[in-house]
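One letter stands for each residue in the lines below.
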Amino acid sequence: MSAPMEIVLSADSAGQLWNCAVLELHSGTNLLAYRGGNTSSRSLTVLNGEYILGAQLGKNFINVWEIQRKDQLQQKIVCPGIVTCLTASPNGLYLVAGIADAIYLWEVSSGNLLAILSRHYQDLTCLRFSDDSSHFISGGKDNLALVWSLASVVQLDPSHTPEPRHVLSRHSLPITDIHCGLMGPQARVATASLDQTVKLWELSSGEMLLSVLFDVGIMSVTLDPCEYYLFCGGSDGGIFQVSLCSQSLSRDKTFQSDNEGNQVFKGHRNLVTCVSVSMDGTLLLSGSHDETIRLWDIQSKQSVRSINHKGPVTNALIIPAPANMFLPDSRPGIPLPRFSRHLNPSEQGEGVETGGVCLRLAPHTQAQKETYLEKADKLYSIMSAVTDKCVFGDGENTKVRVSELEEEVRTLKKVNKDLYDFSTQLLTKPS
């Protein structure tokens, strides 16, 4: 049998049979199982296609498996506290964890702790990277979602305290899930909350594009790859499909089932903790506290398959199958180093890994030209601009320009109507 293109990675809180399992997307066949411990919610991630990482439920360490060696727990990353959420950058260079109300950022190649970000006021609940690894978004029990530029966080000046690029503060209860779409700094971000709303944001500007109110708290959210629909997992077991192609111009709407794409998937008996969509946008995966994961056909809204677990499902996601997952003789390109628990490991007695080179430029050398990170930050600032002021001007000028264009359209419509009336009179004039 050829290796599958897409797989399901799932975990439950019981961990009786395995910590996490790999399932074939279409048949539901169990392909691989990784044993040892159990993984907390929003804390299962794949690092660079070579490792699977899962934060141990209620403990201060992260379980690590080489992706093709399923039978043995390979490594544990000890953390300063209990990890509540975890994610790896898509380029495989950085690992980000939420520990209490702080965000810890490690460099994977060296294991160095690069930053501790303390801008949330309560525990973190979820972390997500943009698809190009340029930004990550954090959500917490303080009702806030923060957008961080990686280039500004991973900077060389220790006296500079990184600040989030945007603070998304429209929710009134804790954030439960975050989904970041495609297109890097131009992506859309969806946030779900216990306040019974899902909000859609523009990553570049931090502007809210849409807010949808439901009858229940929303525990999970995702977008299909084309971003035609939002899929929102409810605390009552329902999954709500929200059309983003509606003719309505209102930013605030209340969910109602209709024939325009707003529908409900019914089958789960308890809150839906995770949702994920296949690459072709035809299948929806959901995991629930009713101890099942379900695969749905999006067009018909029918449950194609239900797979039982031994405990409440904490993680379930559809991912492209890593190239070496089914090659037992393959090995990771670079072994994981020891991860530091302190910003300055040498000062804390942790020691520094041998075999690396630390290069620091003299102050006069640094001042001569911008560093790579500064250039990257500037580039992403330019890419993230909502409006090109050289062309459209600032906000007021943009409104004036829009009014001028609307007036021009009305004039053209009048000219077109006059031409039509004149042509009609010529054609119908008796000879």
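Residues numbered from 1 in each chain as written. Predicted model: local features only at pLDDT ≥ 70, side-chain atom pairs only at ≥ 80, totals over all residues. Heavy atoms only, no water.

The line we're drawing: UniProt positions are given in the numbering used here, feature names are shortened, and annotations may be inferred rather than shown by experiment.
The name recorded for the protein in an unreviewed UniProt entry is WD repeat-containing protein 18, from Oncorhynchus kisutch. According to UniProt, the comment filed for the protein under the heading Sequence similarities (unreviewed entry) is "Belongs to the WD repeat IPI3/WDR18 family."

1. A word on the overall build of the protein
Rule in force here: By the criteria applied, helices consist of DSSP H or I runs no shorter than four residues and strands consist of E runs no shorter than two, each listed in order from the N terminus. Under the scheme applied here, a residue whose accessible area is under 20% of the maximum for its type counts as buried, over 50% as exposed, and between as partly exposed, the area being computed with a 1.4 Å probe on protein chains only. We call two residues in contact when some of their heavy atoms are within 4.5 Å. Only the protein chains shown count as cover for residues, and all accessible areas are computed by the Shrake-Rupley method using a 1.4 Å probe.
When helices and strands are tallied, the protein shows five helices and 29 strands. The 431 residues of the protein split such that 48% are buried. Sequence separation of at least 24 residues holds for 48% of the intrachain contacts in the protein that already meet a minimum separation of 6. Working note: accessible area of the protein is about 22,000 Å², and carbon and sulfur atoms make up 52% of it.

2. Overview of the environment of Arg-69
Mapped onto the elements of the fold, Arg-69 is located in the loop between strand S6 (61-66) and strand S7 (75-78). For Arg-69, a relative accessible area of 29% puts it in the partly exposed group. Separated by 260 residues in sequence, Arg-69 and Asp-329 have C-alpha atoms that sit 9.0 Å apart.

3. Examining the packing of aromatic side chains
So the rule is basically this: In this analysis, rings of Phe, Tyr and Trp, with Trp reduced to its six-membered ring, are considered paired at centre separations within 6.5 Å, and the interplanar angle assigns stacked below 30 degrees, edge-to-face beyond 60, and tilted for intermediate values. The rule is short: NZ of Lys or CZ of Arg within 6 Å of the ring centre and within 35 degrees of the ring normal puts a charge over the ring.
Counted by the stated rule, this structure contains 11 aromatic pairs. Between the aromatic rings of Phe-129 and Phe-136, the centroid separation amounts to 5.5 Å while the plane-to-plane angle is 55°, which identifies the pairing as tilted. On the accessibility criterion, Phe-136 (0% relative accessible area) is buried. Every member of this aromatic cluster is reached through a ring pair, and the members are Tyr-229, Phe-231, Phe-265 and Trp-296. When the ring centre of Phe-61 is taken as reference, the NZ or CZ atom of Lys-76 above it lies at 4.6 Å.

4. Topic: the nonpolar core
Here is the rule: For the purposes of this section, nonpolar cores are sets of buried Ala, Val, Leu, Ile, Met, Phe, Trp, Tyr and Cys residues that join through side-chain atoms within 4.5 Å.
Judged by nonpolar contacts, the single largest core of 21 residues is most densely connected at Leu-53, Ile-77, Val-83, Leu-95 and Trp-106. Core analysis: the second largest hydrophobic core is formed by 17 residues, Leu-117, Phe-136, Leu-146 and Leu-150 among them.

5. Thoughts on the UniProt feature "repeat: WD" (unreviewed entry) in the protein
The UniProt record marks residues 117-152, 189-211 and 265-306 with the feature "repeat: WD" (unreviewed entry), using the residue numbering of this structure. Segment residues 117-152 splits into 8% helix and 50% strand. End C-alpha atoms: 12 Å apart. Overall, residues 189-211 shows 0% helix and 65% strand. The separation of its end C-alpha atoms is 12 Å.

6. Points about the sheet that holds strand S4 (residues 39-47)
Test applied: A strand pair is defined by DSSP finding two or more bridges across the two strands. Axes here mean lines fitted to C-alpha atoms, for a helix over just the part in contact, with angles spanning 0 to 180 degrees between N-to-C directions.
Reading across from one edge, S4-S5-S6-S7 is the order of the four strands in this open sheet, with antiparallel pairing throughout. Looking along the sheet, the strands with just one partner apiece sit at the ends: S4 and S7. For this sheet the average axis-to-axis angle between neighbouring strands, irrespective of direction, equals 25°. As paired elements, S6 and S7 share four bridges and run antiparallel to each other. In the sheet register, Phe-61 faces S7, and the bridge partner there is Val-78.

7. Here's the deal with unusual backbone geometry
Of note in the backbone geometry, Asn-143 takes a positive phi value of approximately 75° without being a glycine. Along the chain, Asn-143 turns up in the loop between strand S13 (135-140) and strand S14 (145-149). A positive phi angle, near 85°, is found at Met-183, a position not held by glycine. Secondary-structure assignment places Met-183 in the loop between strand S16 (175-180) and strand S17 (188-193).

8. Considering the pattern of salt bridges
Where we set the bar: What makes a salt bridge here is a side-chain nitrogen of Lys or Arg within 4 Å of a carboxyl oxygen of Asp or Glu, nothing more.
Taken as a whole, this structure holds seven salt bridges when the rule is applied. Ionic pairing is found between Arg-410 and Glu-407, a salt bridge with its closest N-O pair at 2.8 Å. With a gap of three residues between them, Arg-410 and Glu-407 both fall in helix H5 (residues 395-428), about one helical turn apart. With relative accessibility at 47%, the residue Arg-410 sits in the partly exposed group. Judged by relative accessible area, which is 41%, Glu-407 ranks as partly exposed. For Asp-421, the salt bridge is made with Lys-417, and the minimal N-O distance between the two is 3.2 Å.

9. Thoughts on the pairing of S6
Counting buried residues along S6, six of its six residues qualify, which places the element largely inside the surrounding structure. Because side chains alternate across S6, one face comprises the buried residues Phe-61, Asn-63 and Trp-65, and the other comprises Ile-62, Val-64 and Glu-66, equally buried. Bridge count between strand S5 (residues 51-56) and S6: five bridges; the pairing is antiparallel. Looking across to S6, one finds that Gly-54 is bridged to Asn-63. The turn joining S5 and S6, which pair antiparallel and follow one another in sequence, is formed by four residues; a positive phi near 75° is taken by Gly-58.

10. Description of the side chain of Ser-276
With respect to the element layout, Ser-276 can be found in strand S25 (residues 272-277). Leaving out residues up to four positions away in the same chain, Ser-276 has contacts with Thr-222, Leu-283, Leu-284, Leu-285, Ala-316, Leu-317 and Ile-318.

11. Looking at the side chain of His-179
As a reminder of what qualifies: Polar contact criterion, stated in full: a pair of N or O atoms within 3.5 Å, where within protein one must be able to donate a hydrogen and the other to accept it, and residues adjacent in sequence count only if both atoms are side-chain atoms.
Positionally, His-179 belongs in strand S16. In this structure the side chain of His-179 is engaged in a polar contact, spanning 3.3 Å, whose partner is the side chain of Thr-222. Ignoring any residue separated from it by four or fewer positions in sequence, one finds His-179 in contact with Arg-188, Val-189, Ala-190, Val-221, Thr-222 and Leu-223.

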